[in-house]
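Each chain is listed here by its residues.
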Amino acid sequence: MAFSRLIVLAIVAALLRPLPAAGDAPIHLRYEAYWGGLHAADFVLSMGQRENAYDDRFHLRTRGLVDLFINLDVNAESRGRAPSAAALIPRHYRVDYANRWRQRALTIRFDRDSGEATATLLTFKDDDPADDGSNEPLAAEMRTNVFDPLVSLSEAIRRLRGHLAGGPGNFRLAVFDGRRRFDVAGAYLGVLRREILRRQHDVHRLRLTTIPIAGFKSRHRVLWDGSAFDLYLSRDGRLVPLQIVSLGLGPVINLVEECPRSCSLPAD
C-alpha cells in the first residue's frame with residue numbers, strides 16, 4: 001500500500017498545467033509515469049477558462065505490474081471562478097477513485113460567502129486490509145480559504161507566472177483534499193537546458209514540497225512529510241509542464257502528447 005500511495009502523491013504533483021487566458025480554448029494533455037524504469041501509469045488532463053470561470057478534468061489509470069498490484073483508476077474535476085488578477089477560487093471538486101480494495105467518491109463544495117470547504121465521502125467498497133479507521137475531522141478554520149488539489153496546482157503555475165513578471169519566487173498554498181489539510185510550498189529554481197525524452201528543451205524549474213498540517217494518520221504523514229518534486233516547464237510563454245521528477249523514491253512523469261480535443265487513455 002505504501003507503494004500505491006507514493007504513486008498517487010506524485011501524480012497529484014503532475015496536475016500542474018499551463019494557465020490559459022480567459023476565453024482561450026481548452027488545453028488537452030497526456031502524460032506517462034515511469035517508476036524504476038517501468039511504465040506505472042497514464043493520465044490525461046483537460047482544462048480551460050470561459051467568462052472568468054475554469055473547468056479542469058483529470059483521468060488516471062495504472063499500467064503493467066503496478067496495475068496488477070493496485071488496479072487504480074482515478075477521475076477528478078474542479079470548477080470555479082478565474083478572476084483576471086486574483087487567485088483562482090474553487091467552487092466544486094469531485095474525485096471518484098477505485099483500486100483493488102476500495103471504491104469511493106469524494107465531493108468538496110466551497111461556500112461562496114465564508115470560503116469554508118465541506119466534504120462528502122461515499123464509500124461503495126472497502127476491503128483494504130491496512131485500513132486503520134477514519135481520518136480525524138478538521139476544524140472549520142482548517143477548511144476555510146483553501147484550494148482543492150487540482151486547482152491548487154493550477155494556482156502554483158499562476159504564482160510562477162507572477163514571479164516571472166516581477167513577483168516573489170517563493171509561495172505557499174493551503175490545500176484541503178476532503179480529509180487532510182496540507183500546504184504546497186513552491187520555490188522557483190531558475191532556467192536550464194534539459195534533455196526530456198531524448199530532446200533538448202529550455203525549461204523553467206519549479207520545486208514543490210508538501211507540508212502536512214492536520215488530519216493525517218501517522219502512516220500517511222511519513223509519506224507526505226517533505227515529499228518534493230521538480231517540475232520542468234516550457235519557456236515558450238505557456239509554462240507547459242514537460243516533466244515532473246520526484247526527489248527520492250518516486251516516479252518520473254513525462255508529457256507525451258498535446259491533443260486537439262480531450263485525450264484518450266491508451267488501450268490496455
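Overview of the structure. (Residues numbered from 1 in each chain as written. Predicted model: local features only at pLDDT ≥ 70, side-chain atom pairs only at ≥ 80, totals over all residues. Heavy atoms only, no water.)

### Some thoughts on unusual backbone geometry
Argument step 1. Of note in the backbone geometry, N145 takes a positive phi value of approximately 55° without being a glycine.
Argument step 2. Mapped onto the fold, N145 is located in the loop between β7 (117-126) and α3 (149-164).
Argument step 3. Positive phi, normally seen in glycine, also occurs at L197, with a value near 50°.
Argument step 4. Structurally, L197 can be placed in the loop between β9 (181-196) and β10 (199-214). (Helix = DSSP H or I, 4+ residues; strand = E, 2+ residues; numbered from the N terminus.)

### Considering the environment of E77
Argument step 1. For E77, the position within the fold is in strand β4 (residues 73-81).
Argument step 2. Assessed through its relative accessible area of 18%, E77 is described here as buried.
Argument step 3. Sequence spacing of E77 and H59 is 18 residues, and the spatial spacing of their C-alpha atoms is 8.9 Å.
Argument step 4. Ignoring anything within four residues of it in the chain, the contact list for E77 reads D56, R57, H92, Y93, R94 and L150.
Argument step 5. Polar contacts involving the side chain of E77 include one to the side chain of R57, which spans 2.5 Å.
Argument step 6. At a separation of 3.0 Å, a polar atom in the side chain of E77 contacts the side chain of R79. (Buried < 20%, exposed > 50% of the residue type's maximum accessible area, 1.4 Å probe, protein only. Contact = heavy atoms within 4.5 Å. Polar contact = N/O pair within 3.5 Å; in protein donor to acceptor, adjacent residues only side chain to side chain.)

### Describing the pairing of strand β13 (residues 252-259)
Argument step 1. As paired strands, strand β1 (residues 27-35) and β13 are joined by seven bridges and run antiparallel to one another. Within β13, the residue paired with L29 across the bridge is E258.
Argument step 2. In this sheet, β13 lies alongside strand β12 (residues 241-246) in antiparallel orientation, the contact comprising three bridges. From the neighbouring strand, I244 faces β13, where its bridge partner is I253. (Pairing = 2+ DSSP bridges.)

### Things to note about the pattern of salt bridges
Argument step 1. In this structure the tally under the stated criterion is 20 salt bridges.
Argument step 2. The residue E155 makes a salt bridge to R158 at a minimum N-O spacing of 2.8 Å. Note that E155 and R158 are positioned in helix α3 at a spacing of three residues, about one turn of the helix.
Argument step 3. A relative accessible area of 0% places E155 in the buried class.
Argument step 4. Note that D230 and R207 form a salt bridge whose closest N and O atoms lie 2.7 Å from each other. Pair noted here: D230 is in strand β11 (residues 228-234) and R207 is in strand β10, with a separation of 23 residues, a long-range link.
Argument step 5. Residue R207 is classed as partly exposed on the basis of its relative accessible area, which comes to 28%.
Argument step 6. Through salt bridges with shared partners, a single ionic network connects D55, R57, E77 and R79. (Salt bridge = Lys/Arg side-chain N within 4 Å of Asp/Glu carboxyl O.)

### Topic: the state of the cysteines
Argument step 1. All chains considered together, the criterion is met by one disulfide.
Argument step 2. One disulfide bridge connects C259 with C263, the sulfur atoms lying 2.0 Å from each other. Measuring the twist about the S-S bond at about 115°, one finds the C259-C263 disulfide to be right-handed.
Argument step 3. For C259, a relative accessible area of 11% corresponds to the buried category. (Disulfide = S-S within 2.5 Å.)

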